[in-house]
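Spelled out, the chains give:
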Amino acid sequence: MMRPLALLLLLGMGLAVLFPLLGPALPPGTELRLLSQDLRTLHGAWRVEGRRLLALSPPVPPRTGQEVQLLLVLPGEKPRNFPGVADRGDVLLLQDKERVSLLRLLKEVYGLAPPERLWP
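Everything numeric here is computed off the predicted structure, so don't read it as measured data.

## As for the side chain of Glu31
Line of reasoning, step 1. Here Glu31 shows up in strand 1 (residues 31-36).
Line of reasoning, step 2. For Glu31, a relative accessible area of 15% translates into the label buried.
Line of reasoning, step 3. For Glu31, the contacting residues outside a window of four places in its chain are Trp46, Arg47, Leu56, Leu71, Leu72 and Val73.

## Description of the pairing of strand 5 (residues 80-87)
Line of reasoning, step 1. Bridging between strand 4 (residues 67-73) and strand 5 involves six bridges; their strand directions are antiparallel. The residue bridging Leu70 from the neighbouring strand is Phe82, located in strand 5.
Line of reasoning, step 2. Linkage of strand 4 to strand 5, two consecutive antiparallel strands, is achieved through a turn of six residues, within which Gly76 is found at a positive phi near 80 degrees.
Line of reasoning, step 3. Where strand 5 and strand 6 (residues 90-95) come together, four bridges link them in antiparallel fashion. Within strand 6, the residue paired with Ala86 across the bridge is Val91.
Line of reasoning, step 4. The hairpin turn running from strand 5 into strand 6, its antiparallel successor, is two residues long, and Arg88 in that turn takes a positive phi close to 45 degrees.

## Quick notes on the pairing of strand 6
Line of reasoning, step 1. A large share of strand 6 lies buried, amounting to five of its six residues.
Line of reasoning, step 2. Note: strand 6 against strand 7 (residues 98-101), four bridges, orientation antiparallel. Note that in strand 7 the partner of Leu94 across the bridge is Arg99.
Line of reasoning, step 3. The hairpin formed by strand 6 and strand 7 contains two residues between the paired strands, and Asp96 there has a positive phi angle of roughly 55 degrees.

## A short note on the environment of Leu42
Line of reasoning, step 1. Relative to the helices and strands, Leu42 resides in strand 2 (residues 42-49).
Line of reasoning, step 2. Residue Leu42 is classed as partly exposed on the basis of its relative accessible area, which comes to 34%.
Line of reasoning, step 3. Each C-alpha atom, one on Leu42 and one on Pro61, is 9.4 Å from the other, the two residues being 19 residues apart in sequence.
Line of reasoning, step 4. With sequence-adjacent residues up to four places away left out, Leu42 is seen in contact with Arg33, Leu34, Leu35, Ser57 and Val60.

The rules behind these values
Residues numbered from 1 in each chain as written. Predicted model: local features only at pLDDT ≥ 70, side-chain atom pairs only at ≥ 80, totals over all residues. Heavy atoms only, no water. Helix = DSSP H or I, 4+ residues; strand = E, 2+ residues; numbered from the N terminus. Buried < 20%, exposed > 50% of the residue type's maximum accessible area, 1.4 Å probe, protein only. Contact = heavy atoms within 4.5 Å. Pairing = 2+ DSSP bridges.

All we've got here are geometric facts, nothing functional implied.
Here's what the structure looks like:
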């Protein structure tokens, strides 16, 4: 009995860490742009349409381990940026000392259906 309870508690804590990262919701029209650390290279841009994440441009894959910035633009709000690290078709966003998968966050917290990988 103790083991399932501990697992449930850990899962709840993990989702609690994920939830506030991008905000309470990603409404349709929200745009995500992945930029190089110096903001000179656009690695990819996506828009939330319904429950899907649609590419706005062909991706320019960053190197695995490269530091990147995720720019989040919710309709009618100022853009916010989040530091991260590129990781094989995904971005690991940095929150405190934790690394959180952007694709996992979009699926599990926001209920979106992003592509399997953000770039090949």
